Amino acid sequence: MTERENGQEADEVPALPRLYEREAAISAARTAIDTLGRQFAAGGIELGSLLLYSGKPGLGKTSMLRQVRMLAGRQGLTVLSGRAGEQRGNEPFYLLRQLLLPELLRLDSEQRREVLGPWHEVAGPAIGLAVPSGEAADPQSVRVGLDYVMTQLARLKAPLVMLVDDLQWADLESLGWLESFAQRCPELPVLLAVAWRSGELPQQAQAFRTLVAGNSHRHLEFQGLQPKATEKLVREVFPDTAEDSFCRQVWAVTDGNPFLVNALLAKIRESGIEPVHENVLLLHDLAAEAQGMDREYWLGKLGVNTFNFGQAAAMLNTQVAIPVATRIAGMTPAAAAEAIAELRRQQVLYGPADGPLEFVHPLLATSLYKSIRLGMRTAMHGKAAQELEHAGRPLMESSRHLLETHPEGDPEVVAKLRRAAREHLAVGAPDAAVRCLDRALAEPPEDEDRAEVIYELGCATLLTDPVSTVNQLRLALDDPGLSSELRVDATFRLSEVLAHSGQLVAAADITLAEAERTAPGPGRTRLQVAHFIWAAFQREEVDGPARSARLAQLSAELTAADPAGDDLYARAARALRAWDLTLQGADVTQVLALVDSALLPDGRLPDGLGWTSSAWGLELPGIIGLTYIYTDRLDRAEKLFEEAIRAFEVAGWGGGHLGFAYFLMGLVRFRRGALAEAEEFLRSALRIARRLGPGLPLQWDAVGVLADTLLARGRVEEAWKLAADHGFAPPYHPTAMVLPDAATLYGKLLLAQRDRRPAAEVFTEVGGRLAERGWHNTIWAPWIGHLAQAVLPEEPDRARELAAQGVRRAREFGASSAVGSALRMSAAVADGQQAVELLGEAVRVLGRSPAGYEHAFALVDLGAALRRVGRLDEATEQLHQGMELGVECNADGLVARAREELKASGLRPNRLRSTGRDALSMAEWRVAELTVEGLSPVQIAERLNVAVSLINRRLAAVHRKTGSTREGLAAALGMPGRDTERP
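So, how was this worked out
- Residues numbered from 1 in each chain as written.
- Predicted model: local features only at pLDDT ≥ 70, side-chain atom pairs only at ≥ 80, totals over all residues.
- Heavy atoms only, no water.
- Helix = DSSP H or I, 4+ residues; strand = E, 2+ residues; numbered from the N terminus.
- Buried < 20%, exposed > 50% of the residue type's maximum accessible area, 1.4 Å probe, protein only.
- Contact = heavy atoms within 4.5 Å.
- Areas by Shrake-Rupley, 256 points an atom, 1.4 Å probe, with all protein chains shown as cover.
- Lys, Arg positive; Asp, Glu negative; His and termini not counted.
- Charge placed at Lys NZ, Arg CZ, Asp CG, Glu CD.
- Pairing = 2+ DSSP bridges.
- Axes fitted to C-alpha atoms, helices over the stretch in contact; angles between N-to-C directions.
- Phe/Tyr/Trp six-rings, centres within 6.5 Å; stacked < 30°, edge-to-face > 60°.
- Core = buried A, V, L, I, M, F, W, Y, C linked by side-chain atoms within 4.5 Å.
- Salt bridge = Lys/Arg side-chain N within 4 Å of Asp/Glu carboxyl O.

Details of the overall build of the protein chain
In step 1: Assigned secondary structure in the protein chain consists of 48 helices and 7 strands.
In step 2: In terms of overall dimensions, the protein chain has C-alpha extents of about 115 × 70 × 50 Å along its principal axes.
In step 3: A buried classification covers 57% of the 983 residues belonging to the protein chain.
In step 4: Counted over contacts in the protein chain with a minimum sequence separation of 6, partners at least 24 positions apart contribute 68%.
In step 5: Surface summary for the protein chain: the accessible area is close to 40,700 Å², and the carbon and sulfur share equals 51%.
In step 6: Across the protein chain, the centroid of the 107 positively charged side chains sits 4 Å from that of the 128 negatively charged ones.

Concerning the sheet that holds strand β1 (residues 49–55)
In step 1: Strand order in the open sheet formed by 5 strands is β2-β3-β4-β1-β5, with parallel pairing between adjacent strands. The strands lining the two open edges of the sheet, one partner per strand, are β2 (78–83) and β5 (219–221). Shown here is a sheet whose adjacent strand axes are inclined to one another by a mean of 10°, direction ignored.
In step 2: Taken strand by strand, helix α2 (residues 61–74) contacts β1, β2, β3 (160–165) and β4 (190–197), and its axis lies near 165° from that of β3.

A short note on the pairing of β2
In step 1: Across the 6 residues of β2, 6 count as buried, placing the element largely inside the fold.
In step 2: Going residue by residue along β2, you find Thr78, Leu80 and Gly82 tucked away on one face and Val79, Ser81 and Arg83 tucked away on the opposite face as well.
In step 3: As defined by bridge partners, β2 adjoins β3 across 6 bridges and the pair is classed as parallel. By the bridge assignment, arginine 83 is partnered in β3 with aspartate 165.

With respect to unusual backbone geometry
In step 1: The omega torsion across glycine 355 and proline 356 is 0°, close enough to zero to call that bond cis.
In step 2: Residue position: proline 356 is located in the loop between β6 (349–350) and β7 (358–359).
In step 3: Residue proline 444 follows glutamate 443 across a cis peptide bond; omega there is -10°.
In step 4: Inspection of the secondary structure assignment puts proline 444 in the loop between α21 (430–442) and α22 (447–460).
In step 5: With a phi angle near 65°, phenylalanine 93 is a residue other than glycine that sits in the positive phi range.
In step 6: Classification of phenylalanine 93 as buried rests on a relative accessible area of 4%.
In step 7: For aspartate 632, which is not a glycine, the phi torsion comes out positive at approximately 70°.
In step 8: Assignment of secondary structure puts aspartate 632 in the loop between α30 (619–630) and α31 (634–651).

Here we look at the packing of aromatic side chains
In step 1: Counted according to the given criterion, the structure contains 15 aromatic pairs.
In step 2: Each ring, one from tryptophan 579 and one from tyrosine 630, has its centre 6.2 Å from the other, and the planes form 40°; the classification is tilted. Linking tryptophan 579 in helix α28 (residues 568–584) with tyrosine 630 in helix α30, this pair joins segments that are 51 residues apart in sequence.
In step 3: When its relative accessible area of 7% is taken as the criterion, tyrosine 630 is described as buried.
In step 4: Every member of this aromatic cluster is reached through a ring pair, and the members are Trp579, Tyr630, Trp775 and Trp780.

Notes on the side chain of lysine 267
In step 1: Along the polypeptide, lysine 267 turns up in helix α11 (residues 258–271).
In step 2: Among all residues touching lysine 267, those that are not within four sequence positions of it are Leu286, Glu289, Ala290 and Tyr297.

Things to note about the nonpolar core
In step 1: Counting residues in each nonpolar core, the largest one holds 179 residues, and the members touching the most others are Ile533, Trp579, Trp611, Ile624, Ile629, Phe641 and Phe663.
In step 2: Judged by nonpolar contacts, the second largest core, of 54 residues, contains Ala84, Ala182, Val194 and Ala205.

Thoughts on the side chain of glutamate 619
In step 1: The residue glutamate 619 is located in helix α30 in this model.
In step 2: Of the side chains with opposite charge, arginine 493 comes closest to the buried, unpaired glutamate 619, at an N-O distance of 7.9 Å.

Here it is, written out as structure tokens:
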């Protein structure tokens, strides 16, 4: 930090220089600060703004930021500031900690808890306010947590001014967060002022480049001073003696760079040269010497002891701890104090008496660092790492110095780098961990440790770089030194990454091959179970029935060897067996008995099989939840998926894990018939999937069920476009892990478009492939009922035979939703009274299931069938019931169809309840409750973790349906005392 906040002594920082030719920039800063203060005082919504400064070194960017600080200070605004360091780019979240930590430490404990909120364990370690848990943190979740912290801090300390200097040297973790935060500034009462060197932004700063292009009116590219301004600087030093020609030459040899002008003037004064025309020819050499600031320059300027301390300070770069720098320089405290005093006098360092110290300008730190001879520089980095560790600093900080040392085969260095990598992973900085582990391999480690380090390197990129993870884990497995325990884990991790990348066959093959090489025991069993997990999700399989038989045998053997029923491997095998039987369409009673036995008596996942279990990953509990979905135990599935979302949020896994949990919750809500809620969850999953990259299984699963949901809501064209945008058409991408087949959806879309013949071909292909594997579940893959409808016009007898076959299979399975849906599809290819009888049974059966949309669909179909046979009174009742349930499901297309059926028979549809508190959806009711509690739309969005725009839409619906303003909302909802329960 360039300055401290409150209580700062005037002599702790150099005097604020006069900024010539920067009047426009200062005026823009003053306007931005005034506007921020006025808008905040007036309760404005879009408050924040950006000030962006760039230019070559020495053109006054740092001084400009200090001017912004002074202007903000005059208005009493809270200022956060940070300066990146040229030597500290390998220290993750270093810049971010400078920005946030001082202000957070000034808060009392209650305020700090409020600011960190539920993200204390996730974002706290990155900021430096919490001890890492030891588990690898998801970088994306850390970033989301930091957004939350910054939002809360901005609310508590509004309005805020945030200053960032030397962005070009920012550590990548801070840079990534700052880029996303800069785009959110208009939503918060924050003025963000950022400065960087022209042409030196790292490749990773693409978002900042885009931001600059879109905010050109806020971006100022600093240029060198004109001759008149340079002359003013010269005359500040030589007010009475400087001649015009001399001033002109100073400008010529420095190109008007303010830093170089001042450095040259200092050199002129030291040399005793008069600022007259006769000495103009000397300026070129003096300017080169002042600009060079090489080793000889500094030795001549400072003396040996002071020079040595300056180099030690440059090694630390910023926030220089005096005791550490003293020990690096090998000096006594008294000698160091003398050196610091001289460096202050020479305007090289500034800061409080007890530190930390800062360089007056980063160019000074750079030149002193470069003045260290290369061999000595390496040794000093090693000394710095050692002294920082002795000072109690975390390895996260000292490891950047270890990276600069020469490899010497030192086991202690390897151990420190491995520990530092674990610290980096725990705060969500996998790139920093990779640097440490790469350097550890270069040391190199002992032969017996090499494979383990490679394994750790592979695991370090598990959440961020699947390609690197695959390569490193393969290398680890090829190394004979890898222990048998780690071989099992490395194989599982490798299979996990392959599966999540869509390579399910490779994942299944590698676990099976390693299991056959592994000695009997827990490790082998784990790999066998993993093999069956990935095989269950494969799009194609050579011999599905044989695999199913092997799984049944493994499950039976493990269960027999575990009479107490507590063994995790036996539980896992039974869960897989239950899912396999579900796909086969076996007796639902047997399936439920198996899947229930995989859980604890109270329905919870046992320890070791949880969502964040490192031994299994998310697929195994996901399979348990899927089994419950397709056996009509949606209540248990929802409970599991709620636990998943909570577990991933607590663990800070906001990437693919949370996306998968959102997908599963969307799927269960789709099966329940809560279509609007399903759409929200599925779109959230799809947003995460898109962020992770194209073509991943999560994206395909989310798109598939979302398109199904849109079809159920009557939005056929939107579903078709969604599928087309993501390639759900021949040739099908084989990466979906939960959907039976991408072709199934394609066939449904064709059928919805009344393109029956191509749809029939698709469903025939799907049915044949699933039949080869022995999978006949008609609710998981309802191809047979759709095929019957597709072939009906040309082959009515075949259509009825197919539909009857679907009903038989559904009855064999026994789940109410499966039987009811099969009966409804069978009725679609039947006529007259037979259709009425089939649909009547379908309605009765579906009434016992939790499948709300299917029930509504059957009611409307029954009403239509009754109308066609002339039973209008009964038709009216069924159609109205179907409409009411369709409204609850948000199935707009089904509701419209029911209305058309009523109109076709000359009946007038009853007006559905669309106003009043009973018309509120669950989501709208929740927003209404939080509004009555006094929360703003922004706060509600943060609480519910959704977009503010969505909250505003829901709030508009609440006001429209209740006919009330915000002030009268409590009364309209029947909760004047806030104690009325939702009806």
